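Here is what each chain is made of, one letter per residue.
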Amino acid sequence: DQVNVTGILTSAQTKLNGITTAANINITGIATVGTALSLADNIKAQFGTGGDLIIYHSSTSSYIDNNTGDLYLQTTGSGDDVYIESVDDIYLNASSKSAIHVTGDGAVDLFYNGSERLATTAIGATVFGDFIVAGVTTAEALNVTGIATVGTALSLADDVKAQFGTDGDLIIYGNSSASNIKD
């Protein structure tokens, strides 16, 4: 039960009469498949001399398994974007640890060494751990729970108020003509 093809095999339909299974089909050259190449569940398409790249589908999930070196997704044509799309969630793990988690119609969570560090929310983002900003930063609202340490200066524009206390019990602000403290 062996079929050997040397050269180019191009066919819209190839029938192996009398053969329902074959232990090996060896093609040296180019094989062109017309419409589809169908493989049953858990049958693996292997690429590379040692089967280094394996693509298969179990009865519930699909797999691309690269056993040697890096795996590149590359576009080289005029449409050079790469899209990863899911109707549900997307997980990106590195060394078996969470790196990025995208929730369908929801948050994006970023992880460092498996620990969540940033999560987007309906109104902005939540940072877990230290938040270090270098340079000039403009924010419409910044809510800090805990201690905020400012390096050299906290600069506020004219008439922007620094409020202290739950109900803004102490207010400090200034402009080009006056400085104000309200208690």
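Treat the numbers as computed from the prediction; the structure is a model and nothing was measured.

Draft legend 1. Quick look at the overall build of the protein chain. When you go through the protein chain residue by residue, the secondary structure sums to zero helices and 13 strands. Listing each helix as α and each strand as β along the protein chain from the N terminus yields β-β-β-β-β-β-β-β-β-β-β-β-β. Considering only contacts within the protein chain whose residues lie at least 6 apart along the sequence, 1% involve residues at least 24 apart. Accessible surface for the protein chain amounts to roughly 15700 Å². Of this, 51% is attributable to carbon and sulfur atoms.

Draft legend 2. Spotlight on unusual backbone geometry. Even without a glycine there, the phi angle at Ser-96 is positive, about 65°. Take Ser-96: it is sitting in the loop between strand S6 (90-94) and strand S7 (97-102). Ser-96 gets classed as exposed once you look at its relative accessible area, which sits at 79%. Positive phi outside glycine occurs at Asp-159, with the angle close to 65°. Looking at where Asp-159 falls in the secondary structure, it is placed in the loop between strand S10 (124-127) and strand S11 (162-164). Given the relative accessible area of 45%, Asp-159 is considered partly exposed.

Draft legend 3. Local environment of the packing of aromatic side chains. Overall, the coordinates contain one aromatic pair when judged by the stated rule. Here Tyr-56 and Tyr-63 contribute two aromatic rings whose centre-to-centre distance is 4.9 Å and whose plane-to-plane angle is 20°, an arrangement assigned as stacked. We classify Tyr-63 as partly exposed; its relative accessible area is 36%. Positioned above the aromatic ring of Tyr-56 is the side chain of Lys-44, whose terminal nitrogen or guanidinium carbon lies 4.8 Å from the ring centre. Looking at Lys-161, its charged tip hangs above the ring of Tyr-173, at a distance of 5.2 Å from the centre.

Draft legend 4. The sheet that holds S10, seen in detail. Strands sit in the order S6-S7-S8-S9-S10 across an open sheet of five strands; the sheet is antiparallel. Two strands bound the open sheet, and with one partner strand each, they are S6 and S10. Averaged over all pairs of adjacent strands, the angle between their axes in this sheet comes to 20°, without regard to strand direction.

Draft legend 5. The pairing of strand S13 (residues 179-182), seen in detail. Relative to S13, strand S12 (residues 170-174) is paired through four bridges, and the arrangement is antiparallel. Bridge pairing in S13 links Gly-174 to Ser-179. Hairpin connection between S12 and S13: a loop of four residues separates the two successive antiparallel strands.

Draft legend 6. Quick peek at the environment of Tyr-56. By the element assignment, Tyr-56 lies in strand S4 (residues 53-57). With 10 residues separating them in the primary sequence, Tyr-56 and Gln-46 have C-alpha atoms 8.8 Å apart. Apart from residues no more than four positions distant in its own chain, Tyr-56 is found in contact with Asn-42, Ile-43, Lys-44, Ser-61, Ser-62 and Tyr-63.

Draft legend 7. Examining the pairing of strand S9 (residues 115-121) more closely. Strand direction decides the pairing type here: strand S8 (residues 108-112) and S9, joined by four bridges, are antiparallel. Within S9, the residue paired with Asp-109 across the bridge is Ala-119. Here S8 folds back onto S9 in antiparallel fashion, the turn holding two residues, of which Asn-113 has a positive phi close to 55°. Here S9 runs beside S10; their pairing, made up of four bridges, is antiparallel. Considered in S10, the bridge of Thr-121 is made with Gly-124.

Draft legend 8. A nonpolar patch on the surface, seen in detail. Residues Val-33, Leu-37, Leu-39 and Ile-43 make up a contiguous nonpolar surface patch of about 390 Å² in total accessible area. Within the element layout of this structure, Leu-39 appears in the loop between strand S2 (24-33) and strand S3 (45-47). Judged by relative accessible area, Leu-39 falls into the partly exposed class, the value being 46%.

Quick notes on the rules
Residues numbered from 1 in each chain as written. Predicted model: local features only at pLDDT ≥ 70, side-chain atom pairs only at ≥ 80, totals over all residues. Heavy atoms only, no water. Helix = DSSP H or I, 4+ residues; strand = E, 2+ residues; numbered from the N terminus. Contact = heavy atoms within 4.5 Å. Areas by Shrake-Rupley, 256 points an atom, 1.4 Å probe, with all protein chains shown as cover. Buried < 20%, exposed > 50% of the residue type's maximum accessible area, 1.4 Å probe, protein only. Phe/Tyr/Trp six-rings, centres within 6.5 Å; stacked < 30°, edge-to-face > 60°. Lys NZ or Arg CZ within 6 Å of the ring centre and 35° of its normal. Pairing = 2+ DSSP bridges. Axes fitted to C-alpha atoms, helices over the stretch in contact; angles between N-to-C directions. Patch = residues over 30% accessible without salt bridge, like charges linked within 9 Å, V, L, I, M, F, W, Y side chains within 5 Å. Salt bridge = Lys/Arg side-chain N within 4 Å of Asp/Glu carboxyl O.

Spatial relationships are all this shows, so hold off on functional conclusions.
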